[in-house]
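For reference, the chains in residue letters:
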There are 2 protein chains.
Amino acid sequence: MTIPSMDELNLMHDRICRSVNDPKRLQIMYALDEQPRNVTALAQALDMPQSTASRHLTMLRQRGLVVAERDGSSVIYGLADHRIIEVMNMMRNVLRELVEKQSNAMD
Amino acid sequence: MTIPSMDELNLMHDRICRSVNDPKRLQIMYALDEQPRNVTALAQALDMPQSTASRHLTMLRQRGLVVAERDGSSVIYGLADHRIIEVMNMMRNVLRELVEKQSNAMD
DNA sequence: CTCATGTATTCGGATATGCGGATAGGTGGA
DNA sequence: TCCACCTATCCGCATATCCGAATACATGAG
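By convention here, each chain's residues receive numbers from 1 onward along its written sequence. Whichever chain is written first becomes A and whichever ligand is written first becomes 1, with later ones labelled in order. It should be noted that, the model being predicted, local features are given only for residues of pLDDT at least 70 and side-chain atom pairs only at 80 or more, the latter also being counted only at that level, while totals for whole chains, interfaces and linings use all residues. Excluding hydrogens and water, the side-chain figures rest on all heavy atoms present in the structure.

Visitor: For this particular structure, what's the right way to read the overall build of chain A?
Guide: Going along the chain from the N terminus, every DSSP run of H or I of four or more residues is numbered as a helix, and every run of E of two or more is numbered as a strand. Secondary structure assignment for chain A yields five helices and three strands. Each helix and strand of chain A, placed in order from N terminus to C terminus, yields the pattern α-α-β-α-α-β-β-α. For a compact globule the rule gives 2.2 Å times the number of residues to the power 0.38, and the radius of gyration it is set against comes from C-alpha atoms. What you see for chain A is a C-alpha radius of gyration of 16 Å, clearly larger than the 13 Å of a compact globule of 107 residues, by over 25%. Note on exposure labels: buried denotes an accessible area under 20% of the residue type's maximum, exposed denotes more than 50%, and partly exposed covers the range between, all computed with a 1.4 Å probe on protein chains only. Here chain A, with 107 residues, has 49% of them falling under the buried criterion. Contact definition: two residues touch when any of their heavy atoms are within 4.5 Å. For chain A, restricting intrachain contacts to residue pairs at least 6 apart in sequence, the fraction spanning at least 24 positions comes to 52%.

Next up, the structure:
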């Protein structure tokens, strides 16, 4: 894997990093990975206003991280690619190490 | 790996997602992984103002993603954990799939 | 002590982002 | 066609983020 060009970095930032740069969106993606849902159900499950859930879903959908499928009058949202979860889980692992190092530094 | 709590998501966002949410910081981390450097050298290599490089480095350092070591009058910065690169590379892979899907969708 | 060099921070201003109530728009059943 | 329900968007406002020149601060050499 070579060193990425600025073009690739810009694209990566715009599509993925931005998407992941909000705790509620992280929460939404984990929830959708666990179980696809419509906006209302998602908003209720995560205890957030419908407009907030819809806004985030629209954003994630535009970036291609989330997929929408119409089902009657509602729209079922699902995760486009499970590897997004793997990316986030890897970030969790890195985080753990960071926190650990930080505690050691207090000695 | 269990579903993360909001606390963990907030921490993850604050420490890692935020750090990664800027193309120049992505660039900086790849550069430091390839070769630790001082601020001036880094700024020159990446063709950005010294103040910009320093500001980003300070930010990454506070989050623990980057490590600083004094060497005389200069400060050598390096990547704290190579797995950060792995996270970014995984994002690149996901990105490729997204872009591919997007092209197919144009048929 | 003074200078040269490298680093960190300040500053004003532009831009981006998030929020959530209110509202408009779409969909299917009766 | 009317209604109930679900979804998307609008709006005003608050906050966060980034920039880069200028400036302050730190370090080591002479």
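From this point, the narrative continues.
Visitor: When you look at the relation of the copies chain A and chain B in this model, what are you seeing that I'm missing?
Guide: Two copies of a chain can be linked by a rotation about an axis combined with a shift along that same axis. C-alpha atoms of residues with pLDDT of at least 70 in both copies form the basis for the least-squares superposition of the copies. With an RMSD of 0.0 Å, chain A superimposes on chain B once it is rotated by 180° and translated 0.0 Å along the axis. Classification of the inter-copy transformation places it as that of a two-fold axis. Of the interface residues in chain A, 100% have counterparts in chain B that sit at the interface too, so the contact is made through matching surfaces.

Visitor: Got a minute to help me understand the interface of chain A and chain B in this structure?
Guide: Often the size quoted for an interface is simply the accessible area lost on bringing the parts together. Contact residues are listed per partner, giving 46 residues for chain A and 46 residues for chain B. Basic side-chain nitrogens of Lys or Arg form a salt bridge, by our definition, when they fall within 4 Å of a carboxyl oxygen of Asp or Glu. The interface formed by chain A and chain B contains six salt bridges. For the salt bridge of Arg92(B) with Glu8(A), the shortest nitrogen-to-oxygen distance reads 2.9 Å. A 3.5 Å cut-off defines polar contacts: any pair of N or O atoms within that distance qualifies, except that in protein one atom must be a possible hydrogen donor and the other a possible acceptor, and neighbouring residues in sequence count only when both atoms are side-chain atoms. At the boundary of chain A with chain B, the tally comes to twelve residue pairs in polar contact (both at pLDDT 80 or more). Mapped by element, the contributors of at least two residues to the side of chain A that touches chain B are helix 1 (6–20), helix 2 (23–34) and helix 5 (83–104) of chain A. With 18 residues, the single largest contributor to the side of chain A that touches chain B is helix 5 of chain A. All amino acids are sorted into three groups, where Ala, Val, Leu, Ile, Met, Phe, Trp, Tyr, Cys and Pro are nonpolar, Asp, Glu, Lys and Arg are charged, and the leftover types, Gly among them, are polar. Residue composition of the side of chain A that touches chain B, grouped by class: 24 nonpolar, nine polar and 13 charged.

Visitor: Just checking my understanding: could you explain the protein's contact with DNA strand D for this structure?
Guide: Residues are classed as near a molecule or strand on a simple rule: at least one heavy atom within 4 Å of it. For DNA strand D, the set of nearby residues contains 23 residues, the closest of which are Asn38(A), Thr40(A), Tyr77(A), Arg18(B) and Arg25(B). Counting only atoms of DNA strand D within 4 Å of the protein, the sugar-phosphate share comes to 69%. Between DNA strand D and His56(B) there is a distance of 2.9 Å, counted from a phosphate oxygen to a side-chain nitrogen or oxygen. Counting only elements with at least two residues in the surface near DNA strand D, the list comes to helix 3 (39–46), helix 4 (50–62) and strand 3 (74–79) of chain A together with helix 2 (23–34) and helix 4 (50–62) of chain B. In terms of residue count, the dominant contributor to the surface near DNA strand D is helix 4 of chain B (four residues). Among the residues forming the surface near DNA strand D, the class breakdown is four nonpolar, 13 polar and six charged.

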